Amino acid sequence: MNKKIILLGATGSIGVQTADIIREHKEEFQLVGFSAGKNMDTARKFLQEFSPEIVCVQQEEDAKALKAEFPAVEVVFGNQGLIETATYDADILVNAVIGSVGLEPTLEAIKLGRVIAIANKETLVTAGHLVMDSAKQYGATILPVDSEHSALFQSLNGEKREQASRLILTASGGSFRDRTRAELENVTVQDALNHPNWSMGSKITIDSATMVNKGLEVIEAHILFDFDYQDIDVLLHRESIIHSMVEFHDTSVMAQLGTPDMRVPIQYALSYPERLPRPEAKRLNLAEIGKLHFQEMDYERFRALKLAFDAGIEGGTMTTVLNAANEQAVAMFLNEQIKFLQIEELIERAMNEHAPIYSPDLETILNVDSQTRKSVENMIK
Ligand code: NDP
Ligand code: MG
């Protein structure tokens, strides 16, 4: 195995952990290109360490500065640069950018029939049907990186879709799982960023606290594995040891377990269909853990999860609206412009005001996405 890898979102939480895997397995993987947003320190560090052939940054000034320092590297920028990087010659594209900005680069790489390891769940939520239909058309392979979906993929273990009856996604409950709704009224950004089990980027940490993350994951599971929403369950499991499960028609349930460490599903997507050792990783010791806990999901307490099911069942552009409204609302919460509970209120309002368009094309999705962001911004003016 010597796989050339392009990594979009290299400077983020998933990106940096993907770089760890590439570093730990130099014989197996080579980083030929990556994208950064605005974090030039990490971009420079990776340019020195991995000597890639192409790099993309968000802003033109940063691209000029990097080109002066690394003249041998092709330096591109902005959304067009992201597409150039995504379609650069390689074996695997890892999409670890945050938000629906990852959609077009993914669609372009799919047209080249690439293997795409997708962490960027917003892309699947906003336009999953376009991604999966064109993957089929062009023979591209989509491999999940998100821990729950990697667990579902591993638990399905190549068995036919018809053999399975139900997907069971586990949820840790996020930073506020033990608080009542009343106690959420005045929580701060700092409180919300404090996740009990996983260390992640700030947007997804807020999504975990609101439970929007689990909602996006339910939609992601529907898209990736073709299960109806009524056949997807969410189970509260505070330890995050069982990463998800698949029930089969004979009532057998297959689960994937492990310590909460994103490097495991990231590495599996890179090495698939093989497995590589992880010498540094902590092994699962169930005797030490002693007990695992499970609890039914409370859809009134975790209202955003209910909204995500509603958006998924409605279909069409409703999931685009859910995602865009959430991205805008989370940005405003992180900026301290709105309170925590307003995130789900704004999502609900955006969904109520939207008349969904079914089987939307790319242009329609991009329009609905930008319209929704604007209208959510206006709701608090
Ligand atoms: P981060 O916020 O840590 O990183 C996001 C990456 O995207 C950074 O490299 C950032 O650049 C880049 N980026 C942000 N905005 C833009 C833009 N407009 N154009 C180009 N690049 C941009 O996110 P995470 O790593 O936490 O998450 C990445 C994706 O993976 C998300 O979809 C998330 O839901 C999913 N995911 C994450 C998990 C985790 O453990 N973190 C677990 C499962 C899924 P820079 O920082 O340089 O500005
Ligand atoms: Mg997840």
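For the structure, check the block above.
Here's a quick rundown of the structure.

Definitions and limits used
- Residues numbered from 1 in each chain as written.
- Chains lettered and ligands numbered in written order.
- Predicted model: local features only at pLDDT ≥ 70, side-chain atom pairs only at ≥ 80, totals over all residues.
- Heavy atoms only, no water.
- Pairing = 2+ DSSP bridges.
- Helix = DSSP H or I, 4+ residues; strand = E, 2+ residues; numbered from the N terminus.
- Axes fitted to C-alpha atoms, helices over the stretch in contact; angles between N-to-C directions.
- Contact = heavy atoms within 4.5 Å.
- Donors = N, O, S within 2.8 Å, 3.2 Å for Na, K, Ca; no water.
- Buried < 20%, exposed > 50% of the residue type's maximum accessible area, 1.4 Å probe, protein only.
- Near = heavy atom within 4 Å.
- Areas by Shrake-Rupley, 256 points an atom, 1.4 Å probe, with all protein chains shown as cover.
- Domains from an automatic or database assignment.
- Polar contact = N/O pair within 3.5 Å; in protein donor to acceptor, adjacent residues only side chain to side chain.
- Expected span 1.5 Å × (residues − 1).

## Re the sheet that holds strand β1 (residues 3-8)
Pairing in this open sheet of 7 strands is parallel, and the strands run β4-β3-β2-β1-β5-β6-β7 from one edge to the other. Each edge of the open sheet is held by one strand with a lone partner, namely β4 (74-77) and β7 (141-144). Taking the axes of each pair of neighbouring strands and ignoring which way they run, one obtains an average angle of 25 degrees across the sheet. Packing of helix α4 (residues 78-86) onto the sheet brings it into contact with β1, β2 (29-35), β3 (54-57), β4 and β5 (92-95), and relative to β4 it is tilted by some 135 degrees. Across the face of the sheet, helix α6 (residues 121-138) comes into contact with β5, β6 (115-118) and β7 while running at roughly 145 degrees to β7.

## Looking at the coordination of the magnesium ion (ligand 2)
Within the protein, the magnesium ion (ligand 2) binds to D146 (OD), E148 (OE) and E217 (OE); these donor distances fall in the range 2.1 Å. On the primary sequence, the residues serving as donors to the magnesium ion (ligand 2) are separated as D-x1-E-x68-E. Taken together, the positions of D146 in the loop between β7 and α7 (147-156) and E217 in helix α10 (residues 212-225) put the pair 71 residues apart, joining distant regions of the chain. Relative accessible area serves as the criterion here: at 1%, E217 is assigned to the buried category.

## As for the site of ligand 1
Surveying the vicinity of ligand 1 reveals 24 residues, the closest of which are T11, S13, I14, K38 and E122. Calculation on ligand 1 without its partners gives an accessible area of 900 Å², and the protein chains cover 85% of this total. A domain split of the shell around ligand 1 shows at least three residues from each of domain 1 (3-144) and domain 2 (149-259 + 283-314).

## Examining the side chain of N120
Within the secondary structure layout, N120 lies in the loop between β6 and α6. Here the side chain of N120 touches V97 through a polar contact of 3.0 Å, landing on its backbone oxygen. Polar side-chain contacts of N120 include one of 3.0 Å to the backbone oxygen of G99. For N120, the residues in contact, after removing those within four places along its chain, are N95, V97, I98, G99, G102 and L103.

## Structural notes on α7
Of all the 10 residues making up α7, 9 are buried; the element is thus mostly covered by neighbouring parts of the structure. Those residues of α7 that sit buried are S147, E148, H149, S150, A151, L152, Q154, S155 and L156. Considering only its buried residues, α7 is in contact with β7, β8 (164-171), α10, β10 (242-248), β11 (253-257) and α11 (263-271). Looking one or two residues beyond α7, the residue adopting positive phi is N157, at roughly 50 degrees.

## Describing helix α1 (residues 13-24)
Along its 12 residues, α1 runs 17 Å from first to last C-alpha, staying within 8% of the 16 Å computed at 1.5 Å per residue. Of all the positions in α1, only I14, G15, Q17, T18, A19, D20, I21 and I22 are classed as buried.

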